[in-house]
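If you want the building blocks of each chain, they are given just below.
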Amino acid sequence: MRTIDSLDVQGRRVLVRADLNVPLDGDTITDDGRIRASVPTISELAGRGARVIVCAHLGRPKGKVAPEFSLAPVAARLGELLGRPVKFATDVVGDSARATAEGLADGEVALLENLRFEPGEESKDDAVRGEFAGRLAGLAELYVGDGFGAVHRKHASVYDVPGLLPHAAGGLIVAEVEVLKKLTEQPARPYAVVLGGAKVSDKLGVIANLLGKVDRLIVGGGMAYTFLKAQGHEVGRSLLQEDQLDQVRGFIAEADKRGVELVLPVDVLAATEFAEDAPHEAVAATAIPADREGLDIGPKTRELFAAKLADAETVFWNGPMGVFEFDAFSGGTRAVAQALIDSGAFSVVGGGDSAAAVRKLGLPEDGFSHISTGGGASLEYLEGKTLPGLAALED
Ligand code: ADP
Ligand code: MG
């Protein structure tokens, strides 16, 4: 992959595909981690005299203009973090975008409106995507791919535009790929992976692939209940994916066969309902009452998971251990995050919610070796898949 060092950007319009997909509450950005991660590349390009045109997506407006998914608040925050004004185009490839791009002086930065307001961005039809990619590429002379969180998407701005312009990978993508390589090529052992989050189905591919690579697989969060059920335990009203039970039974057998230690919760915080202030108590994972739902791992499990991480040399963590958005059910996620920090292992956090949890809980970000900006992207990389956005930057 060529890096931006190889591009002569002075005085030229450079389209930067960034990942600025941040959580919003109204128009308040609740976690600006991805914007901050995008700053170094944009800053460097602007500092070298480029006319920087940033493009990105936000949420899932599905090809239609939807004001609640406008990138306007992101433009303001990006400007604050860059310490220079960011011009905002109110469309993606229309009059405003063209005028904004053409009006940029050397070292100035603009942000286009949400790429996903245009149906061409995500279209499965190569021609439709290609047509939109052509218009996007027409705004600039060079392309820099830096939106790591979107590289697993075969979208116009990620996959097609780099084919139309001289291109390079930005610093964020270079850094992310370097870390993921370390996880896949001869990781220091013991190598432990902690998986949590809501759905097993999101993580099937990565589990299948990791079973051949890791020494320990630790499963918490909402997906643990499908594992517990697969082992024959009742899980009450906890999150359960019945249709994944066979697959999960297969994983349990496979782990056993390969000598991978599979570590599941031994106790959970069982609540009366899915609510911030729901009454709850710790119960054994094998005795969850029928009318309760598990919203976090329990205290014994926190100790168990921490012990399984203490001597690890490499750890990858994806997915919160409980409903960390509710303070009462954030303790398990905090405990696992702290165990990663304490382990001294080469530790990588992947996943939007996991990264947000680290920051929400006030844990030191520099306690981890790396916090990835891409959940799906890092998982697909670990699955061994070819990521369209990386492949497009290769050639
Ligand atoms: P990431 O974005 O880090 O990949 P996911 O998107 O897979 O993580 O999962 C995050 C979500 O999982 C959070 O919103 C969290 O509330 C939810 N979750 C975790 N544990 C549970 C649980 N026991 N019951 C319901 N939801 C859960
Ligand atoms: Mg998520």
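Numbering of residues starts from 1 in every chain and runs along the sequence as written. Chain letters and ligand numbers both follow the written order, the letters beginning at A and the numbers at 1. Local features in this predicted model are restricted to residues of pLDDT 70 or higher, and side-chain atom pairs are both shown and tallied only at a pLDDT of 80 or more, whereas totals for entire chains, interfaces and linings draw on every residue. Remark: hydrogens and water are excluded; side-chain values derive from all non-hydrogen atoms of the structure.

Participant: For this particular structure, what's the right way to read unusual backbone geometry?
Facilitator: Excluding glycine, residues mostly have negative phi values, and the peptide bonds linking residues are mostly trans. The residue after Arg 189, namely Pro 190, is reached through a cis peptide bond having omega 0°. Inspection of the secondary structure puts Pro 190 in the loop between helix H7 (171-184) and strand S9 (191-195). In this structure, Lys 62 takes a positive phi of about 55° despite not being glycine. Among the secondary structure elements, Lys 62 is positioned in the loop between strand S4 (51-55) and helix H2 (72-82). Elements are defined by DSSP. Helices are runs of H or I of four residues or more, strands are runs of E of two residues or more, and each kind is numbered from the N terminus.

Participant: Explain H7 here, please?
Facilitator: Turn by turn, an α-helix covers 3.6 residues, leaving residues three or four places apart pointing in a common direction. For H7, built from 14 residues, the straight-helix expectation of 20 Å at 1.5 Å per residue is met to within 8% by its first-to-last C-alpha distance of 20 Å. Note on H7: the residue one or two positions beyond its end, Gln 186, has a positive phi of about 50°. Given the number of residues in a helix, its expected span is that number minus one, multiplied by 1.5 Å.

Participant: Would you mind going over the pattern of salt bridges with me for this structure?
Facilitator: Here a salt bridge means any side-chain nitrogen of Lys or Arg lying within 4 Å of a carboxyl oxygen belonging to Asp or Glu. Within this structure, the stated rule accounts for 31 salt bridges. Lys 229 is paired through a salt bridge with Glu 234; the nearest N and O atoms lie 3.2 Å apart. Three labels apply to residues, based on accessible area from a 1.4 Å probe with only protein chains included: buried if under 20% of the type maximum, exposed if over 50%, partly exposed otherwise in between. Judged by its relative accessible area of 49%, Glu 234 falls in the partly exposed class. Each of Asp 31, Asp 32, Arg 36, Arg 77, Glu 80, Arg 359 and Glu 365 takes part in salt bridges that share partners, so that together they form one network.

Participant: Mind showing me how you'd approach empty space enclosed by the protein here?
Facilitator: In this analysis the probe radius is 1.4 Å and the grid spacing 1 Å, with only protein atoms considered; a cavity is a set of points the probe fits into but cannot get out of, a pocket is an open set with protein on both sides within 12 Å along at least five of seven lines, and lining residues have an atom within 4 Å of a point. Grid points are joined across faces, edges and corners, and a volume is the space filled by probe spheres set on the points. Counted by the stated rule, this structure contains one cavity of 30 Å³ or more. By volume, the largest cavity is sized at about 50 Å³. Each residue is assigned to one class: nonpolar for Ala, Val, Leu, Ile, Met, Phe, Trp, Tyr, Cys and Pro, charged for Asp, Glu, Lys and Arg, and polar for all the others, Gly among them. Here the lining of the largest cavity is built from residues that sort into five nonpolar, three polar and two charged.

Participant: Help me understand helix H12 (residues 331-343), please; the structure alone is not making it clear to me.
Facilitator: Taking 1.5 Å of rise per residue, 13 residues should cover 18 Å, and H12 covers 18 Å from first to last C-alpha, within 8% of that figure. Those residues of H12 not exposed but buried are Gly 332, Thr 333, Val 336, Ala 337, Ala 339, Leu 340, Ile 341 and Ser 343. Here, residues are in contact when the closest pair of their heavy atoms is within 4.5 Å. Along its buried surface, H12 packs onto S9, strand S14 (293-297), helix H11 (299-310), strand S15 (314-318), strand S16 (346-350) and helix H13 (352-360). Gly 344 lies just past H12 and shows a positive phi near 70°.

Participant: Would you explain the pairing of S15 in this entry?
Facilitator: Along any regular strand, the residues point their side chains to alternate faces of the sheet. The element S15 is largely enclosed, with a buried count of five among its five residues. Every second residue of S15 is oriented toward a common face, with Thr 314, Phe 316 and Asn 318 on one face and Val 315 and Trp 317 on the other, all of them buried. Looking at chain direction, S9 and S15 are connected through five bridges and run parallel. Residue pairing for S15: Val 193 is matched across the bridge by Phe 316. Only strands joined by at least two bridges in the DSSP assignment are considered to pair.

Participant: So what exactly am I meant to see when it comes to the packing of H7 against helix H14 (residues 375-382) here?
Facilitator: The geometry of a pair of packed helices is captured by two quantities: the angle between their axes and the separation between those axes. Direction vectors running N to C along H7 and H14 enclose 40°, while the axes themselves pass 10 Å from each other. For the pair H7 and H14, the sense of crossing is right-handed. In this structure, H7 uses Val 177, Leu 180, Lys 181, Leu 183 and Thr 184 to contact H14, whose residues at the interface are Ser 378, Tyr 381 and Leu 382. Lines fitted to C-alpha atoms define the axes here, with helix axes fitted over just the stretch in contact, and angles between the N-to-C directions of these axes take values from 0 to 180 degrees. In a left-handed crossing the near helix is turned counterclockwise from the far helix by less than a right angle, and in a right-handed crossing that turn is clockwise.

Participant: How should the nonpolar core be read in this particular structure?
Facilitator: Taken as a class, soluble globular proteins show a tendency for nonpolar side chains to be buried jointly. Leu 15, Leu 112, Leu 136 and Ile 207 are the most contacted members of the largest nonpolar core, which totals 72 residues. Setting aside chain neighbours within four positions, we find Leu 112 in contact with Leu 15, Ile 53, Val 54, Cys 55, Leu 71, Phe 88, Ala 89, Asp 91, Val 92, Ala 97, Leu 136 and Leu 139. The set of buried Ala, Val, Leu, Ile, Met, Phe, Trp, Tyr and Cys residues whose side-chain atoms join them within 4.5 Å is what this entry labels a nonpolar core. Listed in part, the 30 residues of the second largest apolar core include Ile 29, Ala 50, Val 74 and Val 86.

Participant: Honestly, the UniProt feature "binding site: ATP" (unreviewed entry) in the protein chain in this entry has me stumped. Any pointers?
Facilitator: UniProt positions are given in the numbering used here, feature names are shortened, and annotations may be inferred rather than shown by experiment. This chain's UniProt record puts "binding site: ATP" (unreviewed entry) on Lys 203, Gly 294, Glu 325, Gly 351, Gly 352, Asp 353 and Ser 354. Relative to the helices and strands, Lys 203 resides in the loop between S9 and helix H8 (204-210). We classify Lys 203 as buried; its relative accessible area is 8%. With residues near it in sequence (within four places) discarded, Lys 203 still touches Gly 196, Gly 197, Met 223, Asn 318, Gly 319 and Leu 379. Whenever two N or O atoms come within 3.5 Å, that pair is a polar contact, provided that in protein one can donate a hydrogen and the other can accept it, and provided that, for residues adjacent in sequence, both atoms are side-chain atoms. There is a polar contact of 3.2 Å between the side chain of Lys 203 and the backbone oxygen of Gly 196. One can find Gly 351 in the loop between S16 and H13. If we ignore the near neighbours within four places in the chain, the residues touching Gly 351 are Asn 318, Ser 372, Gly 374 and Gly 375.

Participant: Where do I start with the side chain of Asp 146 in this structure?
Facilitator: Secondary-structure assignment places Asp 146 in the loop between strand S7 (142-145) and helix H6 (156-160). Under this rule, positive means Lys or Arg and negative means Asp or Glu; His and the chain ends count for nothing. There is no salt bridge for the buried Asp 146, and the closest opposite charge comes from Arg 17, which lies 11 Å off by N-O distance. In terms of polar contacts, Asp 146 uses its side chain to reach the backbone amide nitrogen of Gly 171, at 3.5 Å. The residues touching Asp 146, leaving out its near neighbours within four places in the chain, are Val 16, Arg 17, Ala 18, Thr 41, Gly 170, Gly 171, Leu 172 and Ile 173.

Participant: Any chance you could explain the site of ligand 1 here in plain terms?
Facilitator: Around ligand 1, a shell composed of 19 residues is seen, among which Lys 203, Gly 294, Glu 325, Asp 353 and Ser 354 lie nearest. A distance of 3.1 Å separates a nitrogen atom of ligand 1 from a polar backbone atom of Gly 222. Within the contact set of ligand 1, a nitrogen atom lies 3.0 Å away from a backbone nitrogen or oxygen of Gly 294. Shrake-Rupley sampling with a 1.4 Å probe provides the accessible areas, and residues are treated as covered by the protein chains on show and by no other component. Expressed as a share of its isolated accessible area of 580 Å², the protein-covered part of ligand 1 is 85%. The criterion for a residue being near a molecule or strand is simple. One of its heavy atoms has to lie within 4 Å of it.

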